[in-house]
Amino acid sequence: ILTLIWLLIISYLLGSIPTALIVGKLGYGVDIRTLGSGNLGGTNTFRSLGFTAGLIVTVIDVLKGSIAAALPYTMGVDINPMLAGLPAVLGHCYPIFAGFRGGKAVATSAGVLLLYSPFCFIAAASTFFITMYLSKYVSLASIIAAIIAHTYAIFFGDKVLSIVTFALVVFLLWRHRSNIERILNGTERKISWM
Ligand code: G3P
């Protein structure tokens, strides 16, 4: 039980690493929370600092989720990888290293999914890119991708995948509430690079 608690803490701390903040400060001398949507995520980094920075942040944020989901194997703890990854998702959104104001759960959840169910990840990722291409809204693409991940889980996944992806849909809707409001009143930022 002690190693299980350690695993959950490590997962949370891993997710808490504010990649967008670090890349912005070290690479560009800016606080990304003052730019664009103010979100500490890959999308806002693409938007505010360009392609290279955005890609670096996104890849590392995805990796945080995958590494957290791999902790049960590396630490030899008997917990479902999907559940082991959840504290990392929470850490990404509420990082202890950045005043508990972080990202919107998308990349880190994707990383957890990638490790636990690569096919579910592929279904969600392709939906994400198609929706993003058609709508130019990353937020909308993120929400629809999560819904597709949950739909996939219902038909092809196990119980844990179904429940966790459902929780993620609800959580993503909550984290994107300002984006949803902006989409509805037509002021949501569109991507310009696709
Ligand atoms: O990755 C989060 C994305 O879905 C929305 O980000 O910066 O447009 O609020 P943002």
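These lines cover the structure that appears in this document, whether it is placed above or below. (Residues numbered from 1 in each chain as written. Predicted model: local features only at pLDDT ≥ 70, side-chain atom pairs only at ≥ 80, totals over all residues. Heavy atoms only, no water.)

## Points about the pattern of salt bridges
Keep this limit in mind: Every case where a carboxyl oxygen of Asp or Glu lies within 4 Å of a side-chain nitrogen of Lys or Arg is listed as a salt bridge. Any residue under 20% of the maximum accessible area for its type is buried, any over 50% is exposed, and the rest in between are partly exposed; the area is computed with a 1.4 Å probe on protein chains only.
Inspection of every chain in the model, using the stated rule, returns 3 salt bridges. For the salt bridge of aspartate 31 with arginine 33, the shortest nitrogen-to-oxygen distance reads 2.9 Å. Owing to a relative accessible area of 29%, arginine 33 belongs among the partly exposed residues under this scheme.

## Things to note about the side chain of arginine 175
Formally: Counting from the N terminus, the helices are the DSSP runs of H or I reaching at least four residues and the strands are the DSSP runs of E reaching at least two. Under this rule, positive means Lys or Arg and negative means Asp or Glu; His and the chain ends count for nothing. Contacts are assigned to residue pairs with any non-hydrogen atoms lying within 4.5 Å of each other.
Relative to the helices and strands, arginine 175 is located in helix α9 (residues 159–175). The buried charged residue arginine 175 lacks any salt bridge partner; its closest oppositely charged side chain belongs to aspartate 61, at an N-O distance of 11 Å. For arginine 175, the residues in contact, after removing those within four places along its chain, are Cys93, Tyr94, Gly102, Gly103 and Lys104.

## Some remarks on the packing of aromatic side chains
The description of two aromatic rings rests on the distance between their centres and on the angle between their planes. The cut-off we apply is this: Two aromatic rings from Phe, Tyr or Trp, using only the six-membered ring of Trp, form a pair when their centres are within 6.5 Å; if the ring planes differ by under 30 degrees the pair is stacked, by over 60 it is edge-to-face, and anything between is tilted. We call a charge positioned above a ring when the Lys NZ or Arg CZ atom is no farther than 6 Å from the ring centre and deviates by at most 35 degrees from the ring normal.
One pass over the structure, following the stated rule, counts 5 aromatic pairs. Ring geometry for phenylalanine 128 and phenylalanine 129: centres 5.2 Å apart, planes at 85°, overall edge-to-face. Summarising the aromatic geometry, the rings of phenylalanine 155 and phenylalanine 156 are spaced 6.4 Å apart at their centres and angled 55° between planes, so their arrangement reads as tilted. Pair check on accessibility: phenylalanine 155 and phenylalanine 156 agree, each one exposed. An aromatic cluster of at least three residues, connected via ring pairs, comprises Tyr152, Phe155 and Phe156. Here the guanidinium or amino end of arginine 175 rests over the ring plane of tyrosine 94, the centre of that ring lying 4.7 Å away.

## Some points on the site of the ligand
For clarity, the cut-off: One heavy atom within 4 Å of a molecule or strand is enough for the residue carrying it to be called near that molecule or strand. Within 3.5 Å is the distance limit for a polar contact, defined as a pair of N or O atoms, with the added protein rule that one can donate a hydrogen and the other accept it, and that residues adjacent in sequence qualify only through two side-chain atoms. Areas reported as accessible are Shrake-Rupley estimates using a 1.4 Å probe. Residue values count occlusion only from the protein chains shown. Polar here means any residue other than Ala, Val, Leu, Ile, Met, Phe, Trp, Tyr, Cys and Pro, which are nonpolar, and Asp, Glu, Lys and Arg, which are charged; Gly is therefore polar.
Near the ligand you find Ser37, Asn39, Thr43, Asn44, Arg47, Lys104, Val106, Val138, Ser139, Ser142, His176 and Asn179, and these make up its full shell. Serine 37 places a side-chain nitrogen or oxygen 2.5 Å from an oxygen atom of the ligand. In this structure, an oxygen atom belonging to the ligand sits 2.5 Å away from a side-chain N or O atom of lysine 104. Burial of the ligand by the surrounding chains reaches 95%, relative to a free accessible area of 310 Å². For the shell around the ligand, the secondary-structure elements that each account for two or more residues are α3 (42–49) and α8 (138–156). By residue class, the composition of the shell around the ligand is 2 nonpolar, 8 polar and 2 charged.

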